[in-house]
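Here is how the chains run, residue by residue.
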Amino acid sequence: MTDPGDIDAAWLPSAAFRAVGSRRVLVRAGEGPQAGTVHSELAEACARFGGRVVPDGADADLVLAPADVDGLGDEGFTFERRGGTTTVTASGQRGLLHGLFHVVRLGEDAFTGERAREVHRPALATRMLDHWDNVAVHPVMGQVERGYAGGSLFWADGRARGDLDRVRAYGRLLAACGINAVAINNVNVHATEAHLLTDRIGEVAAIADVLRPYGIRTHLSVTFAAPVVLGGLPTADPLDEAVRTWWAEATRRVYEAIGDFGGYVVKADSEGQPGPFAYGRSHADGANLLAAALEPYGGTVHWRAFVYDHRQDWRDRSTDRARAAYDHFTPLDGRFAPNAVLQVKHGPMDFQVREPVSPLIGAMPRTRLAVEVQATQEYTGQQRHVCWLGPMWSEALRFRPDGSVSAGRLADGLVAVSNAGDDPFWTGHPLAQANLYTFGRLAWDPAADPRAVLDEWIALTHPGAPERLVDGLHAVLDGSWSTYEKYTAPLGVGFMVQPGHHYGPSVDGYEYSPWGTYHFADRDGVGVDRSAATGTGYAAQYAKPWSEVYESPETCPDELLLFFHHVSYGHVLHSGKTVIQHIYDTHFEGVEEAEEARRVWAGLADLVEPARHARVAERFEEQVRCAREWRDQVNSYFLRKSGVPDGRGRTVY
Ligand code: GCV
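Residues numbered from 1 in each chain as written. Predicted model: local features only at pLDDT ≥ 70, side-chain atom pairs only at ≥ 80, totals over all residues. Heavy atoms only, no water.

Caption draft 1: Quick peek at helix H15 (residues 480-487). Along H15, seven of the eight residues are buried, which leaves the element largely enclosed by surrounding structure. Those residues of H15 not exposed but buried are Ser480, Trp481, Thr483, Tyr484, Glu485, Lys486 and Tyr487. On the buried face of H15, the contacting elements are helix H11 (390-398), helix H14 (467-477), helix H18 (579-602) and helix H19 (610-642). (Buried < 20%, exposed > 50% of the residue type's maximum accessible area, 1.4 Å probe, protein only. Helix = DSSP H or I, 4+ residues; strand = E, 2+ residues; numbered from the N terminus. Contact = heavy atoms within 4.5 Å.)

Structure follows, in structure tokens:
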């Protein structure tokens with residue numbers, strides 16, 4: 001059972017350091033912030049578990065030392081075990097820190113047998129968390145937009161927290177799963193937060209100081225209108241000389257305060273945020289303006305591709321929100337500066353439980369790209385429902401635009417909207433910690449098997465967990481994404497959530513809204529025709545083979561059928577079921593699976609620290625209640641629309 005003192009240690013309870021801490025350890029990490037962390041982690045672990053940090057030349061079980069190994073980069077490391085000694089080498093301090101956490105993850109296995117030299121390096125250079133945190137509590141969105149884990153880790157009472165111990169602990173957790181960048185404020189930049197860039201940069205610097213020892217660079221979301229709202233200029237036109245000078249000077253001051261500042265994140269011309277369109281300029285013009293300001297210091301601008309018309313007329317069937325990012329950005333391929341990264345949501349809509357991979361990914365070969373996923377569970381149960389997203393992310397990361405199975409790289413970076421806050425369990429639902437951990441590990445290695453990552457998370461979070469706990473956690477988590485999908489919007493059609501807060505069912509909640517998120521259900525059928533032949537043409541944004549696969553209901557995968565096609569309720573899926581029967585069956589099954597997961601969790605009470613167990617148990621009550629609500633509303637809606645009864649005669653209202 002977890003030590004109660006470790007209630008919020010997440011995947012780094014002290015017991016996870018037992019194997020390392022009971023050894024003779026020799027460290028030659030040198031000087032520097034991350035080297036300091038390597039030293040202090042080892043010294044602390046040894047003090048706790050009876051090991052020893054030994055001087056150079058002494059016999060050691062574990063050696064961490066610098067080495068010049070070609071191609072390791074700043075973050076890679078080697079690992080080997082020979083003649084009873086485990087050795088980690090790296091070219092940089094960051095690499096040694098990652099190597100140390102690798103040894104921690106391996107536990108006793110790191111000190112058993114012989115192991116030939118392995119080279120580990122991150123597949124993606126940027127592995128970043130975006131916090132949608134406001135400094136000042138927003139009247140509608142609160143302190144953390146789409147946050148389900150309490151208040152902000154960074155901000156309280158209108159300013160940066162004075163006590164940053166929790167941020168320090170957060171940085172440590174993130175380093176242990178490979179994350180190396182954090183954007184600390186909301187991409188919707190409100191009036192107060194705009195000032196973080198200039199007169200309040202000292203607060204950002206204080207946070208950066210705390211994250212640096214964990215190899216994490218701090219990034220800031222900025223408003224494109226900053227030259228106007230902060231600088232008093234009459235324009236924010238990216239081609240205006242005074243605007244360019246303003247950004248150059250503001251950025252120079254940022255780097256004066258934070259020498260290793262990561263760069264800017266920008267949401268422009270999106271959901272009301274200002275952007276270059278106001279000046280008749282392109283998004284490449286906009287991004288390159290900030291890229292030029294950051295370039296002398298090695299900074300990067302993450303420019304979000306979430307640009308669409310959020311004021312569309314629901315009567316207009318020709319406008320398709322799913323098309324928007326591709327239509328806006330592909331003509332700009334090759335025009336972005338080398339230090340501008342286009343940050344693209346993994347799906348074309350908005351983090352639904354099921355979406356195809358965005359056709360923009362793979363369509364801009366001359367542009368640096370980062371894929372954005374959402375760890376905060378805005379549309380996947382808001383951390384009241386258990387929904388482990390590892391399999392979803394893994395599927396997206398394995399997708400190849402040309403249909404190949406090559407392990408080629410999809411992007412330069414992976415970004416997640418963070419699901420952490422000042423909640424004692426970090427993520428509201430304690431099992432949502434698995435999402436944060438899995439994100440970091442998949443960003444390091446997108447080809448990793450998510451189930452193996454979950455095994456790591458279980459082993460670290462519950463050191464020495466008996467098989468019954470390991471099996472129980474797998475039973476609860478492995479299929480939880482699929483369960484959530486079953487009882488919510490069917491076959492990729494999306495939304496059907498309550499407007500505004502997005503929790504719980506409302507089948508027609510967005511049907512007559514300006515947001516471009518429709519399902520078009522009528523008495524005969526449901527779904528959005530996105531084919532090239534008869535629909536919005538979205539399917540043709542993909543390269544072959546996907547454009548052909550998605551074009552026809554005959555070849556379109558079942559789980560995406562209603563995303564791509566409007567079909568009759570009697571349409572027969574590849575599964576052999578009709579669409580309407582599929583809707584009924586999955587909704588009954590989804591609730592049964594949620595009830596079963598609740599039962600499994602209840603049976604683990606003797607193996608899990610009581611407060612953690614109670615928190616999850618309480619969330620399961622809500623999940624089951626809400627799942628039943630989804631089932632009954634969705635099933636009743638489609639029974640009433642279609643008039644087709646459930647083939648198995650179950651209760652539909
Ligand atoms: C930060 C969705 C969310 C918004 C969010 C937006 C975005 O629309 O509902 O809260 O804004 O995505 O990604 O910018």
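Next comes the rest of the account.
Caption draft 2: Structural context of the domain arrangement of the protein. Each assigned domain of the protein is listed with its residue range as follows: domain 1 (4-120), domain 2 (126-461) and domain 3 (485-528 + 566-642). Centre-to-centre, using C-alpha coordinates, domain 1 lies 45 Å away from domain 3. (Domains from an automatic or database assignment.)

Caption draft 3: Looking closely at helix H2 (residues 33-49). If you check H2, its first and last C-alpha atoms are 24 Å apart, about what 17 residues at 1.5 Å a residue would give, namely 24 Å. Directly after H2, the chain includes glycine 50, whose backbone phi takes a positive value near 85 degrees. (Expected span 1.5 Å × (residues − 1).)

Caption draft 4: Summary view of the pairing of strand S16 (residues 340-345). By the criterion of burial, S16 is predominantly enclosed, with six of the six residues buried. Residues Ala340, Leu342 and Val344 line one face of S16 and the alternating positions Val341, Gln343 and Lys345 line the opposite face, and both faces are buried. Alignment of strand S15 (residues 300-304) against S16, held across four bridges, turns out to be parallel. Within the sheet, the bridge partner assigned to histidine 302 lies in S16 and is valine 341. The parallel pair S15 and S16 is bridged by helix H10 (residues 324-329), and the resulting crossover is right-handed. (Pairing = 2+ DSSP bridges. Right-handed = clockwise from strand over helix to strand, strands pointing away.)

Caption draft 5: Molecular detail of the confidence of the model for the protein. When pLDDT is averaged along the protein, the result is 96, and 98% of the positions lie at 70 or above. Here residues 1-6 is modelled with pLDDT under 50, and outside its nearest four sequence neighbours on either side it reaches 13 contacts, counting other chains as well. (pLDDT = per-residue confidence, 0-100.)

Caption draft 6: Expanded view of the UniProt feature "domain: Glycosyl hydrolase family 67 catalytic" (unreviewed entry) in the protein. Residues annotated in UniProt with the feature "domain: Glycosyl hydrolase family 67 catalytic" (unreviewed entry) correspond here to residues 117-400. Secondary structure across residues 117-400 comprises 27% helix and 18% strand; the distance between its end C-alpha atoms is 31 Å. (UniProt positions renumbered as here; feature names shortened; annotations may be inferred.)

Caption draft 7: Fine view of the environment of glycine 272. Examined against the element boundaries, glycine 272 turns out to sit in the loop between strand S14 (263-266) and helix H9 (283-294). Along the chain, glycine 272 and proline 234 lie 38 residues apart, while their C-alpha atoms are 19 Å from each other.

Caption draft 8: Highlighting the pattern of salt bridges. For the structure on display, the rule yields 46 salt bridges. Among the ionic pairs, arginine 166 bridges to aspartate 8, the shortest N-O distance being 2.8 Å. Note that arginine 166 is positioned in helix H4 (residues 165-177) and aspartate 8 in the segment before helix H1 (18-21), a separation of 158 residues in sequence. For arginine 166, a relative accessible area of 22% gives the class partly exposed. Arginine 625 is paired through a salt bridge with glutamate 622; the nearest N and O atoms lie 2.8 Å apart. Highlighted residues: arginine 625 and glutamate 622, both in helix H19, separated by three residues, approximately one helical turn. (Salt bridge = Lys/Arg side-chain N within 4 Å of Asp/Glu carboxyl O.)

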